[in-house]
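# Structure assessment
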Amino acid sequence: MAENAVAERLSEVRERIHTACGQYGRDPADVHLLAVSKTKPAELVAEAMEAGQTHFGENYLQEALDKVSAVPGAIWHFIGAIQSNKTRAIAEYFDWVHTVASVKVARRLADQRPDDLPPLKVLVQVNVSGEASKAGIDPAGLAALIDGILSFERLELRGLMAIPEPQTDFERQRESFRTLRELRDEMTRQFGGDLAAFTDLSMGMTDDMVAAIAEGATWLRIGTAIFGARN
Ligand SMILES: *Cc1c(COP(=O)(O)O)cnc(C)c1O
């Protein structure tokens, strides 16, 4: 990519977010940008840092760890599938995990979170696309999983995440995101004060970010629009 391409793309993305917030009555301060740097080199992460971006998302642990050490000061979010044997490194090097979908993984992350770090911020990944997706917990099991996670003091449960089946139609995109928002609101009612900071909705990527903003996203996970296409 050309010199400063990341900085330019970032400001375009911020502009798009701002416009969509105006269109759908959202406060831009509530819509956070997670720059998804998977498959991209640490140099581009550093370039984004220089342009004011601080939160980065990674899917693959080994690749992420190389960048964690190469780019000090960045805040890392794990957004990939979690294998049990990888939880220790995730608990040590990440500040957020968006893809918790079982009590077993949650317990391991809680047990392995180092004592000198604040509780790990976690989101529960929900499967809002039914048969079309295997990742994430079924909505029917969500309350039980939340109940389990609430017993882990080393985890701070912040909300829900989804990767809906890709849709080109804007209204269809909104439907999946609306499902996730309604689940969050339902859980908030059900658990009341026990779910103190349960407000986040991690949803929306490059091709459906506007629909996600319209339905209440608080974390947009954007890769391609910032770093260019992945090979
Ligand atoms: C790769 C990825 C993204 C970013 O997708 P883009 O379409 O490149 O913006 C977001 N979330 C998850 C979970 C991903 O794996």
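For the structure given in this document, a descriptive report is provided here.

Reading the values: the criteria
Chains are numbered independently. Their residues run from 1 in the order of the written sequence. Reporting of local features is limited, given that this is a predicted model, to residues whose pLDDT is at least 70; pairs of side-chain atoms are given and counted only at 80 or more, and all residues count toward the totals for whole chains, interfaces and linings. Calculated side-chain values reflect all of the structure's heavy atoms, with hydrogen atoms and water omitted. The helix count covers DSSP runs of H or I at least four residues long, the strand count covers runs of E at least two residues long, and both are numbered beginning at the N terminus. Relative accessibility decides the category of a residue: with a 1.4 Å probe and only protein chains considered, values under 20% of the type maximum give buried, values over 50% give exposed, and everything between is partly exposed. Under this scheme, a helix contributes an axis fitted over its contacting stretch, all axes are lines through C-alpha atoms, and angles between N-to-C directions fall in the 0 to 180 degree range. Orientation labels follow simple angle bins: below 35 degrees gives roughly parallel, above 145 gives roughly antiparallel, 65 to 115 gives roughly perpendicular, and whatever is left gives oblique. Each crossing is labelled by how the near helix is turned from the far one, with a counterclockwise turn of less than a right angle marking it left-handed and a clockwise turn marking it right-handed. Two residues form a contact once any of their heavy atoms are found within 4.5 Å. Any residue that is not Ala, Val, Leu, Ile, Met, Phe, Trp, Tyr, Cys, Pro, Asp, Glu, Lys or Arg is counted as polar, Gly included; the first ten are nonpolar and the last four charged. Whether two strands pair depends on DSSP finding at least two bridges between them. Whether a crossover is right-handed depends on one test, that the path from the first strand over the helix to the second runs clockwise when the strands point away from the viewer.

## As for unusual backbone geometry
Of note in the backbone geometry, Thr39 takes a positive phi value of approximately 70 degrees without being a glycine. Examined against the element boundaries, Thr39 turns out to sit in the loop between β1 (32-36) and α2 (42-50). Thr39 gets classed as partly exposed once you look at its relative accessible area, which sits at 43%.

## A short note on the packing of helix α6 (residues 142-149) against helix α7 (residues 170-191)
For the pair α6 and α7, interaxial distance at closest approach is 11 Å and the crossing angle is 55 degrees. Taken together, the axes of α6 and α7 are oblique relative to one another. Crossing geometry of α6 relative to α7 is assigned as right-handed. Here Leu142, Ala143, Ile146 and Asp147 of α6 lie close against α7, whose contacting residues are Leu183, Met187, Gln190 and Phe191. Among the residues making up the contact of α6 with α7, the classes are represented as six nonpolar, one polar and one charged.

## Comments concerning the pairing of strand β2 (residues 55-58)
Every other side chain in a regular strand lies on the same face of the sheet, so the side chains alternate between the two faces. Judged by which residues are buried, β2 turns out to be covered on both faces: His55 and Gly57 on one side and Phe56 and Glu58 on the other are all buried. Pairing of β1 with β2 involves two bridges; the strand directions are parallel. Looking at β2, one finds that Val36 is bridged to Gly57. Chirality of the crossover, the property in question, places the unit of β1, α2 and β2 among those that are right-handed. In this structure, β2 lies alongside strand β3 (residues 75-78), joined through four bridges in parallel fashion. Counted as the bridge partner of Gly57 is His77 from β3.

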